[in-house]
Amino acid sequence: MAEGKHGIFTHPVLTEIGKKYGKSAAQVALRWNAQRGVVIIPKSTHRERMEENMNIWDFVLSGDDMTVISALDLGHSEIIDHSAAETAKWLNGWKIHDEKQRN
Ligand SMILES: NC(=O)c1ccc[n+]([C@@H]2O[C@H](COP(=O)([O-])OP(=O)(O)OC[C@H]3O[C@@H](n4cnc5c(N)ncnc54)[C@H](OP(=O)(O)O)[C@@H]3O)[C@@H](O)[C@H]2O)c1
């Protein structure tokens, strides 16, 4: 859900596509990822939103809709650069049982 950034929940493209299926922009975003085989872990503190986020299995985005949403890609991660050598080194440096590193 992009941590709620970029106005994702009111995004005009996602909202417009959602209208065709009777779904919210959030549901369209989640469905787009799920339909591509991406594991989704949306976070919400609101029960109604949790239910909304789970209610994405009764519709299928068309191929055209999938393509239009893909074109919204920013071209970079908002969190870390997964292709950077420093990131790989940092991630591979984590040891599950290394207490010193965790503290
Ligand atoms: N982002 C990271 O770097 C990162 C890294 C490791 C793990 N995680 C985990 O990944 C999970 C996803 O969390 P995230 O923090 O990245 O955020 P996210 O799921 O991308 O977005 C969460 C935000 O979206 C809002 N929201 C969720 N569903 C909504 C809906 N249907 N309509 C409107 N607003 C909605 C939430 O508000 P409300 O709570 O007010 O509903 C919250 O402000 C979490 O379990 C997190 O611990 C995240």
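In what follows, the structure referred to is the one given above.
Here the structure is a predicted model, which is why all the values come from computation and not from measurement.

Conventions we followed
- Residues numbered from 1 in each chain as written.
- Predicted model: local features only at pLDDT ≥ 70, side-chain atom pairs only at ≥ 80, totals over all residues.
- Helix = DSSP H or I, 4+ residues; strand = E, 2+ residues; numbered from the N terminus.
- Rg over C-alpha atoms; globule rule 2.2 N^0.38 Å.
- Buried ≥ 20, exposed ≤ 12 C-beta atoms within 10 Å, placed from the backbone.
- Contact = placed C-beta atoms within 7 Å.
- Core = buried A, V, L, I, M, F, W, Y, C linked by C-beta atoms within 7 Å.
- Axes fitted to C-alpha atoms, helices over the stretch in contact; angles between N-to-C directions.
- Parallel < 35°, antiparallel > 145°, perpendicular 65-115°, else oblique.
- Nonpolar A, V, L, I, M, F, W, Y, C, P; charged D, E, K, R; others polar.
- Near = placed C-beta within 6 Å.
- Arc of directions from axis to C-beta.

A. Molecular detail of the overall build of the protein chain. Across its full length, the protein chain holds six helices and zero strands. Counting helices and strands in the order they occur from the N terminus, the protein chain gives α-α-α-α-α-α. Expected size for 103 residues packed as a compact globule is a radius of gyration near 13 Å; at 17 Å, the protein chain overshoots this value by more than 25%. When its C-alpha atoms are laid out on the principal axes, the protein chain stretches across 50 × 30 × 25 Å. Buried positions account for 17% of the 103 residues belonging to the protein chain. When contacts within the protein chain are restricted to residue pairs at least 6 apart in sequence, long-range pairs at least 24 apart make up 45% of them.

B. The arrangement of the nonpolar core in detail. If you look at the biggest cluster of nonpolar residues, it comprises eleven residues: Leu14, Ile17, Ala25, Ala26, Val28, Ala29, Leu30, Trp32, Ile56, Leu61 and Ile69. Mapped by element, the contributors of at least two residues to this core are α1 (12-21) and α2 (25-35). Per element, the largest residue contribution to this core is six residues, and it comes from α2.

C. Structural view of unusual backbone geometry. In the Ramachandran plot, Ala2 falls in the positive-phi region, its phi being about 55° despite a non-glycine side chain. Topologically, Ala2 is positioned in the segment before α1. Classification of Ala2 as partly exposed rests on a count of 13 C-beta atoms within 10 Å. The backbone phi angle of His6 is positive, close to 60°, even though this residue is not glycine. Looking at where His6 falls in the secondary structure, it is placed in the segment before α1. By C-beta crowding, His6 is classed as exposed, having 12 other C-beta atoms within 10 Å.

D. How the structure looks around the packing of α1 against α2. Look at α1 against α2: their axes get within 8 Å of each other, and the N-to-C directions meet at 90°. As the angle between them shows, α1 and α2 are arranged roughly perpendicular. Facing Leu14, Thr15, Ile17 and Gly18 of α1, the residues of α2 in contact are Ala25, Gln27, Val28 and Ala29. Looking at side-chain class alone, the contact of α1 with α2 contains five nonpolar, three polar and no charged residues.

E. Main features of the site of the ligand. Surveying the vicinity of the ligand reveals 16 residues, the closest of which are Met1, Ala26, Lys43, Ser44 and Thr45. It is helix α3 (residues 47-54) that contributes the most residues to the shell around the ligand, three residues altogether. In terms of residue class, the shell around the ligand is built from seven nonpolar, five polar and four charged.

F. Representation of α1. Those residues of α1 not exposed but buried are Leu14, Ile17 and Gly18. Along the axis of α1, the buried residues cluster in a sector spanning 105°; they form a single face. Opposite the buried face of α1, at more than 90 degrees from it, the exposed residues are Pro12, Lys19 and Lys20. Those residues of α1 that are buried lie in contact with α2 and α4 (63-70).

Distances and angles like these do not, on their own, reveal function.
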